[in-house]
Amino acid sequence: MNINNYWSKKSHQIASQIFRNNLRNNNIIMDPFLGSGTSLQGIKELNIDLKFIGVELNEMPLAYANFNANPPTKEDLIKMSKEFTDFYNKNKNFYEFKSEKDEIYELEKVILDLPSDKVEVKSFNFKDSNSKTFTVDRKKNLNLFNYYKNIYLNKSNQAKKNIKKDLLLDENSRIAIKSQMYISHLYGPISFYLLQKICDKFKENELFKVVISSILHLTKYTDLRSQSQFPYWFPKKNAMERNILILILKKIKSLIKNHQISDKKISKKKNFISLKNSSEKSYMLINKPIQNINLEIPDNSVDLIFTDPPYYDQVAYSEYLAIWEFFLSYKKNNQFELIQTNRKKGVKDKGTYLINLKKCFKIIVNKMKNNSQAIIYFKDSKLKNVNDFLNILSSC
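Residues numbered from 1 in each chain as written. Predicted model: local features only at pLDDT ≥ 70, side-chain atom pairs only at ≥ 80, totals over all residues. Heavy atoms only, no water.

**Comments concerning the nonpolar core**
Alright, step 1. Judged by nonpolar contacts, the single largest core of 76 residues is most densely connected at F84, I198, Y232 and F327.
Alright, step 2. Element by element, the count of residues in this core is highest for helix α8 (residues 244-257), at nine residues.
Alright, step 3. Ignoring sequence-local partners within four residues, the contact set of I198 consists of F84, F87, F208, I212, I244, L245 and I248.
Alright, step 4. In terms of nonpolar packing, the next biggest core, distinct from the first, is built from 26 residues, L338, Y353, I364 and I392 among them. (Core = buried A, V, L, I, M, F, W, Y, C linked by side-chain atoms within 4.5 Å. Buried < 20%, exposed > 50% of the residue type's maximum accessible area, 1.4 Å probe, protein only. Helix = DSSP H or I, 4+ residues; strand = E, 2+ residues; numbered from the N terminus. Contact = heavy atoms within 4.5 Å.)

So this is what it looks like as structure tokens:
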């Protein structure tokens, strides 16, 4: 039972194999660009008492890493399910549509076209009291379609009036953030309103925040198959808006169903000394950019660097996380993100990326023991970029 829907994630089985072949008891691994922690998961199934240090500047992926290292109990998940089911029952009226025969149908999803600022409804998917699903569109029955369309638009307008906050995004055409684009532009009004209400209700529940975080990308407008990994993009035609209450409840039930009791525990430590002196498989996480790491990790202390650094302009991690910061208060760090970007309020060109990359790896090298190893993922279709990257590593 893992949550791993983070960008550019790698296989934890590969990490396990590398650790098994290169390390022995009490060796210390450091991943200075941890992300959601698949490298940390790599030590979980091994019969070696390894020590692991993960460094990550953004809060959301660290929440995933903690969740996967030590998953919640089934009892905690069942308790969360009961609490959210209560919320669901109190708020499902936003998705309940009364038929002309006074039957109550629950809206599962809406298919829309979104030209400019307009919303053109194309079809509705409903579920009746027997959980039988059916579709209503203008081709099958125009009068019935218009009847439900008016209800939907009225509910959307009602939700829009209750929205308390919004956020103007930093313009960046490369990741589909246009000028004067707000987070609300990514959402149907019902989803946007209810999501704020949900996150406000459960803001002190760290487990619930992780679960919501794992499906947050599906709460906005998506393509019909929800295949895009770009959080600010949505199709202008055939966009889908889901019932987010059903979406969240399904995720919780899936976690309960797939829950497995494991004796493969990793003990979390607060600092390097307690990590080093631990007699069991252990880890510590540091929520800082690697550029700012100093005494938290002593020099000449790490046996293996195993990491997947940001690749030039390929994934704008911190910029993507504006949505997670807005709804769930997971802090992001644009300032120290090691990335090439044309974000209007903070351009970083290729030269800046390479300078910062060198700063990072100088610090990383200082933390390594003599004769230790560094195993680094790096991919780029441009050989010049690969060569520049290797030159940076050689200079450190």
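This is not the end of the story, as more comes after the structure.
**Quick word on the pattern of salt bridges**
Alright, step 1. All chains considered together, the criterion is met by 17 salt bridges.
Alright, step 2. Between K344 and E171 there is a salt bridge; the shortest N-O distance is 3.5 Å. With K344 in the loop between α11 (322-328) and α12 (350-367) and E171 in the loop between α5 (142-162) and α6 (189-201), the pair connects residues that are 173 residues apart, well separated along the chain.
Alright, step 3. With a shortest N-O distance of 3.2 Å, D388 and K350 are connected by a salt bridge. With D388 in helix α13 (residues 383-395) and K350 in helix α12, the pair connects residues that are 38 residues apart, well separated along the chain.
Alright, step 4. Residue classification places D388 among the buried residues on the basis of a relative accessible area of 12%. (Salt bridge = Lys/Arg side-chain N within 4 Å of Asp/Glu carboxyl O.)

**Some remarks on the packing of aromatic side chains**
The description of two aromatic rings rests on the distance between their centres and on the angle between their planes.
Alright, step 1. If you walk through the whole model with that rule in mind, you get 36 aromatic pairs.
Alright, step 2. With 4.8 Å between their ring centres and 50° between their planes, F126 and Y148 make a pair best called tilted. Taken together, the positions of F126 in strand β5 (residues 120-127) and Y148 in helix α5 put the pair 22 residues apart, joining distant regions of the chain.
Alright, step 3. Given the relative accessible area of 0%, F126 is considered buried.
Alright, step 4. The rings of F97, Y105, F124, F126, F134, F145, Y147, Y148 and Y152 are connected pair by pair, giving a single aromatic cluster. (Phe/Tyr/Trp six-rings, centres within 6.5 Å; stacked < 30°, edge-to-face > 60°.)

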